[in-house]
Amino acid sequence: MQIWVVVEGDDHGLRESSREVLTAATTVAGGVLAAAVVLAPDKENLVQEVMEFGPQTIYLHEEGSPSVTGEDYAEFLGELIERERPGLVLAAETQFGKGLLSRTALQYRMPIFPDCLGISQGPESLLFERLWYGERVSALLTSAAERPVLATWREGIVNVKKCPGLNSTVQKVRPQVQTLNLTRFLEEVKADPLTVDLSEAEVIVAGGGGMGSAAGFQLIQELAELIGAAVGGSRVARDNGWIPLKRQIGQTGKTVAPRLIISCGISGATQHTFGMRDAKKIIAINKDKNAPIFKIADAGIVGDVHEVLPELIKRIKEGKQNARPVGA
Ligand SMILES: Cc1cc2nc3c(=O)[nH]c(=O)nc-3n(C[C@H](O)[C@H](O)[C@H](O)COP(=O)(O)OP(=O)(O)OC[C@H]3O[C@@H](n4cnc5c(N)ncnc54)[C@H](O)[C@@H]3O)c2cc1C
């Protein structure tokens, strides 16, 4: 069965969620992905990045324009799917992926499985794993239709793995259908990292008992503000009133999956690490070199947070002052 992935880019290139879907889809496909679809315009870099996952074909929309909801591309994608008849088309469960695939499904009467946690081969057809009823029930679903199936994949649950050494052919596709322009993008308002829900945060600075006092915990706030991160902490930080319950990470707090978490003065008790085990990168600062947090950290600093953090903050500020504007 041919499996396709529709990818998405942002200012930094290929989005992490698209990398995750490319990885997952390649596994479902048994090692080689049939195709990736690149919709945005002027995305030669995106194509290069997608090639690292080795899809056999990369379909590149010739005239795309930026679309936040993805709906505008539904007709283009629908026509392409009707023509090539892949078995399964995947995208990330993002605003773009949801908007695009749900409208394509509606217009072209294709089955869709949103927010999947896993896809596997059943005895007769593919099985789609989803969570229902406030995530209390795990459901396995299958498609009863012959048509190509669409599905979106939940973000943050796959470890990205590239497939070097495979060759891709790029096929530019000129759209034969008119863009619908059903919605118009007005403005993107970035969420305030200091107030954003911890489970949605991309970068977190977390403090624990080692911060010593409410005044000491201010260093966490200061570093977070400087790097645009959300503030989190351990139960000791919450018990001391330095953070509210909704900022506590762990078994009795929030489960987080940021790109980066900087854990400061946190021992790494299992009840805490339970809530952060899906973080992509962990940097730990602790004065005890045997602290359990170092066992799961990608990088660690053995030192006193009251010395390390002010120095780190100072250096980041200096770095920002000395940074040359782009193109200067
Ligand atoms: C049922 C149950 C549920 C729980 N749920 C959670 C939960 O959801 N989340 C959670 O976090 N915990 C939870 N806990 C508590 C958990 O077991 C730990 O007690 C807690 O995580 C410890 O927090 P901490 O590491 O910040 O503090 P501490 O245990 O006090 O550790 C402080 C760490 O900071 C280091 N340190 C001290 N001073 C400095 C300094 N100046 N510079 C650098 N490092 C320093 C120390 O070496 C130590 O490693 C739960 C416990 C139970 C029993």
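Refer to the structure above for everything that follows.
Model, not experiment: these values are computed from the prediction. (Residues numbered from 1 in each chain as written. Predicted model: local features only at pLDDT ≥ 70, side-chain atom pairs only at ≥ 80, totals over all residues. Heavy atoms only, no water.)

> How would you explain the overall build of the protein chain if you had to name every residue and give the values?
Helix and strand counts for the protein chain come out as nine helices and 17 strands. For the protein chain, the residues scored as buried account for 46% of the 328 residues in total. In the form shown here, the protein chain has an accessible surface area of approximately 17,500 Å², with 48% of it arising from carbon and sulfur atoms. Charge separation in the protein chain, taken as the distance between the mean sites of 35 positive and 40 negative side-chain charges, equals 4 Å. (Helix = DSSP H or I, 4+ residues; strand = E, 2+ residues; numbered from the N terminus. Buried < 20%, exposed > 50% of the residue type's maximum accessible area, 1.4 Å probe, protein only. Areas by Shrake-Rupley, 256 points an atom, 1.4 Å probe, with all protein chains shown as cover. Lys, Arg positive; Asp, Glu negative; His and termini not counted. Charge placed at Lys NZ, Arg CZ, Asp CG, Glu CD.)

> Give a detailed account of the site of the ligand, specifying residues and quantitative values.
Within the structure, the ligand sits among 25 residues, and Ser234, Gln248, Thr252, Ser267 and Asn286 are positioned closest to it. Within the backbone of Ile249, one N or O atom sits 2.8 Å away from a nitrogen atom of the ligand. In the complex, 73% of the free accessible area of the ligand, which totals 980 Å², lies under the protein chains. Every element with two or more residues in the shell around the ligand is listed here: α6 (235–239), α7 (270–273) and α9 (305–322). Of the residues that constitute the shell around the ligand, the class distribution is five nonpolar, 16 polar and four charged. (Near = heavy atom within 4 Å. Polar contact = N/O pair within 3.5 Å; in protein donor to acceptor, adjacent residues only side chain to side chain. Nonpolar A, V, L, I, M, F, W, Y, C, P; charged D, E, K, R; others polar.)

> So what's going on with α9? Residues and values would help.
Helical periodicity: at 3.6 residues per turn, an α-helix aligns residues three or four positions apart in one direction. Spanning 18 residues, α9 covers 25 Å between terminal C-alpha atoms, matching the ideal 26 Å at 1.5 Å per step. Those residues of α9 not exposed but buried are Val305, Val308, Leu309 and Ile313. For α9, the angular spread of buried residues about the axis comes to 125°, placing them on one side. Exposed and oriented more than 90 degrees from the buried face of α9 are Glu307, Arg315, Gln321 and Asn322. Among the structural elements, α5 (214–227), β15 (260–264), β16 (281–286) and β17 (299–302) are those in contact with the buried residues of α9. At the N-terminal boundary of α9, the capping side chain belongs to Asp304, with an oxygen 2.8 Å from the backbone nitrogen of His306. (Expected span 1.5 Å × (residues − 1). Arc of directions from axis to C-beta. Contact = heavy atoms within 4.5 Å.)

> Now, about the sheet that holds strand β8 (residues 118–121): what can you tell me, with residues and values included?
The strands making up a sheet are joined through hydrogen bonds of the backbone, oriented either antiparallel or parallel. Pairing is antiparallel across the open sheet formed by three strands, whose spatial order is β8-β9-β10. Taken across any chain shown, the strands that pair with only one partner, and hence form the sheet edges, are β8 and β10 (137–141). Each strand of the sheet is rotated relative to its neighbour by a mean of 25°, with strand direction disregarded. For strand β9 (residues 126–132) and β10, the ladder comprises five bridges, and the chain directions are antiparallel. Counterpart to Glu129 in the pairing with β10 is Leu140. (Pairing = 2+ DSSP bridges. Axes fitted to C-alpha atoms, helices over the stretch in contact; angles between N-to-C directions.)

> So what's going on with the side chain of His272? Which residues, and what values?
As for its placement among the helices and strands, His272 is situated in helix α7. Exposure remark for His272: the relative accessible area of 6% places this residue in the buried category. Side-chain polar atoms of His272 contact the backbone oxygen of Ile249, separated by 3.2 Å. With residues up to four places along the chain from it excluded, the contact list for His272 reads Gly233, Ser234, Ile249, Gly250 and Ile266.

> Can you explain the packing of α5 against α9? Please cite residues and give values.
Interhelical geometry of α5 versus α9 gives an angle of 25° and a closest axis separation of 10 Å. One element, α5, and the other, α9, form an angle in the roughly parallel class. As α5 runs across α9, the sense of the crossing is left-handed. Residues Gly216, Leu219, Ile220, Glu222, Leu223, Leu226 and Ile227 of α5 touch α9, and the partners they reach there are Val305, His306, Leu309, Pro310, Leu312, Ile313, Ile316, Lys317 and Lys320. Among the residues forming the contact of α5 with α9, the class breakdown is 11 nonpolar, two polar and three charged. (Parallel < 35°, antiparallel > 145°, perpendicular 65-115°, else oblique. Left-handed = near helix turned anticlockwise from the far one by under 90°.)

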